[in-house]
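Each chain, letter by letter, is given below.
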Amino acid sequence: MLTNRSKVVVKKEMNFWERIYLPAILGGIVITIKHLFRRSATVRYPEKKREISAIWRGQHVLKRDDIGAERCTACGLCAVACPAEAITMIAAERKKGEENLYREEKYASTYEINMLRCIFCGLCEEACPKEAIFLTDRIIETDYGRKGFVFGKDKLVEPVDQRVDVSKRQTPAVLEFKQHKQLTHNK
Amino acid sequence: MAKVTIDGATIEVPDGTTILNAARQIGGESVPPAMCYYSTLKESGGKCRVCLVKVAQGSTKDPRPMPKLMASCRTPVMDGMVVQSITSPEVLEARKSVVEFLLINHPLDCPICDQAGECDLQNLAYKHGVAKTRYEEERRTFEKIDIGDKIKLHMNRCILCYRCTFVANQLTDNRVHGVLSRGDASEISTYIQKAVDNDFSGNMIDVCPVGALTDKTFRFKSRVWFTNPMDGHRNCPKCSGKVVLWTKGNDVLRVSARTDQYNEVKEFICNECRFEHKNMNDWTIDGPRHIDRDSVIAQNHYERTDLQKLKLEIDRQIEFEKGKQLPEPNPSLTA
């Protein structure tokens, strides 16, 4: 009796009306009919899609900078911040002539997120010092196998010609910080 | 023997001991941080200024306080000396400023740097520094130079602690690198592009408090907090052979010398142990390396704890906290 919610079960003899069950069945039918005229709680996905928030936490994107170089430098902070341990990466050194491909001296040669492990908490985005990883309003597509859920760089890095807009995810403080063009981070 | 009081705790140490070493004998929070002083390298210290302390009373004979904050790694104790480390707001303020000065030309490329996670400057800045920089000018940069196939030099990250030159002078038979130029332009370099390949030169990597000298064989292999550090040893004719193996699965990614609680190597290891034996079978594993609980490397790192010892340590800390004197309140505020 910790919650005061327990009920004592009484098994008393049913009267005539209760024994023929008709009133109870009719009561049930009335409830069902009532629900036919209510607004339905579900939508017919995928024909109809529900409106989602602009800062919805869906599929990740690895951003490129203005000239199209990958921002990620494989620092491992997203992986260490990840509570589900969904992120793994292997770093490599940038070679001469690849300055347009990778922003920093070091880059991620492989970068994988296991979408089955990911809980979409957004801590990777918060940990990233290079504004490289963001969660977007895209929903992860379903698959029959498990392998398809390990997203590599082919699915995560944004294509140069189809940039993913993440400006809505940036807080006013970040946008203000980006105004200071003299800081190395914003160059 | 000299009796010295540091943050309320009194200890008797032999004459000529520095304040820093006396504080280390007491232990606990009042040990001043040190970026250039290194217990196993002679003549080191006196350059970085992070170990500044306030000497509230010079000695029993001359009880006047010292006019300025003193570098504790270079100041010998006197009988009856009273020192304030963390109990003096002035010292904490000075440390904050010194960190700011050290970071003025530091590139802050921690996401790229292999030292991140075990970097003395990073830890110091987290503990004593401020989160924001006030520096807007262009940072000092240097041309990259190659100092051999084992050690990578990033001069931009250097804080000019001179530890690596002491290693070369005191451990190797022939020093081929040093600090060239003066003032703002000083840089660690070799004279006419020469490779640093002395047998004990690899210890420069361990003594470097920042990521200026890093292991080229470990370069970008893994972040240090994703590795599994183990104590290991082998029979080495040249050195003690006692090392730390930074492993991932069955691969030895890096070998380094064992450091003490102040991140200082007591037994230096030879280059053969450090660079040539990257195979688990070459080593006898002693067990997991002890990693500080508040270090990022302690992520997913488990080790045996001696509960009896742990209790003694906690008791000692509690005893130490009891003896501490709070700083005197500012008279202008209380009047």
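This structure is a prediction, so every number in the text was calculated from the model and none was measured.

Parameters at a glance
Residues numbered from 1 in each chain as written. Chains lettered and ligands numbered in written order. Predicted model: local features only at pLDDT ≥ 70, side-chain atom pairs only at ≥ 80, totals over all residues. Pairing = 2+ DSSP bridges. Helix = DSSP H or I, 4+ residues; strand = E, 2+ residues; numbered from the N terminus. Buried ≥ 20, exposed ≤ 12 C-beta atoms within 10 Å, placed from the backbone. Contact = placed C-beta atoms within 7 Å. Domains from an automatic or database assignment. Nonpolar A, V, L, I, M, F, W, Y, C, P; charged D, E, K, R; others polar. pLDDT = per-residue confidence, 0-100.

**Student:** It is not clear to me how the sheet that holds strand β3 (residues 106–114) of chain A should be interpreted in this structure. Could you clarify?
**Tutor:** Neighbouring strands of a sheet are bound in pairs by backbone hydrogen bonds; such pairs are parallel or else antiparallel. Residue and element names in this part refer to chain A. Read across the sheet, 3 strands follow the order β2-β3-β5 without closing on themselves; strand pairing throughout is antiparallel. Taken across any chain shown, the strands that pair with only one partner, and hence form the sheet edges, are β2 (87–93) and β5 (150–151). By the bridge criterion, 7 bridges tie β2 to β3 in an arrangement that is antiparallel. Bridging from a neighbouring strand, alanine 91 pairs with alanine 108 of β3.

**Student:** What am I meant to see in the environment of B:Lys96 here?
**Tutor:** Residue and element names in this part refer to chain B. In this fold, lysine 96 is placed in helix α2 (residues 89–104). Residue classification places lysine 96 among the partly exposed residues on the basis of 14 C-beta atoms within 10 Å. Apart from residues no more than four positions distant in its own chain, lysine 96 is found in contact with His128, Gly129 and Val130.

**Student:** Before we go on, may I ask you to explain the domain arrangement of chain B in this structure?
**Tutor:** Reports often express the size of an interface as the amount of accessible area lost when the parts come together. Residues and elements named next belong to chain B. Here chain B is described as being made up of domain 1 (2–98), domain 2 (105–218) and domain 3 (221–325). In this structure, domain 1 and domain 3 have C-alpha centres spaced 28 Å apart. If you look at the interface, domain 1 gives 8 residues, while domain 3 gives 8 residues. Across the side of domain 1 that touches domain 3, the residue classes break down as 2 nonpolar, 5 polar and 1 charged.

**Student:** Honestly, the confidence of the model for chain B in this entry has me stumped. Any pointers?
**Tutor:** Low-confidence regions, as indicated by low pLDDT, have predicted coordinates that should not be scrutinised in detail. Mean pLDDT for chain B: 88, with 95% of residues reaching 70 or above. Two summary scores accompany this predicted model of the complex, namely pTM at 0.82 and ipTM at 0.79.

**Student:** Can you help me understand the interface of chain A and chain B in this one?
**Tutor:** Taken together, the contact pairs 13 residues of chain A with 10 residues of chain B. Among the elements that line the side of chain A that touches chain B, the one with the most residues is β2(A), at 3 residues. Residues belonging to the side of chain A that touches chain B are distributed by class as follows: 5 nonpolar, 3 polar and 5 charged.

**Student:** I'm lost on unusual backbone geometry in this one. Help?
**Tutor:** Excluding glycine, residues mostly carry a negative phi; peptide bonds, for their part, are mostly trans. With an omega dihedral of 5 degrees, the bond running from A:Tyr45 to A:Pro46 counts as a cis peptide bond. Within the element layout of this structure, A:Pro46 appears in the loop between α2 (22–36) and β1 (60–62). Of note in this structure, A:Glu131 is not a glycine but carries a positive phi near 50 degrees. On the secondary structure map, A:Glu131 appears in the loop between α4 (123–127) and β4 (133–135). Of note in this structure, B:Glu43 is not a glycine but carries a positive phi near 70 degrees.

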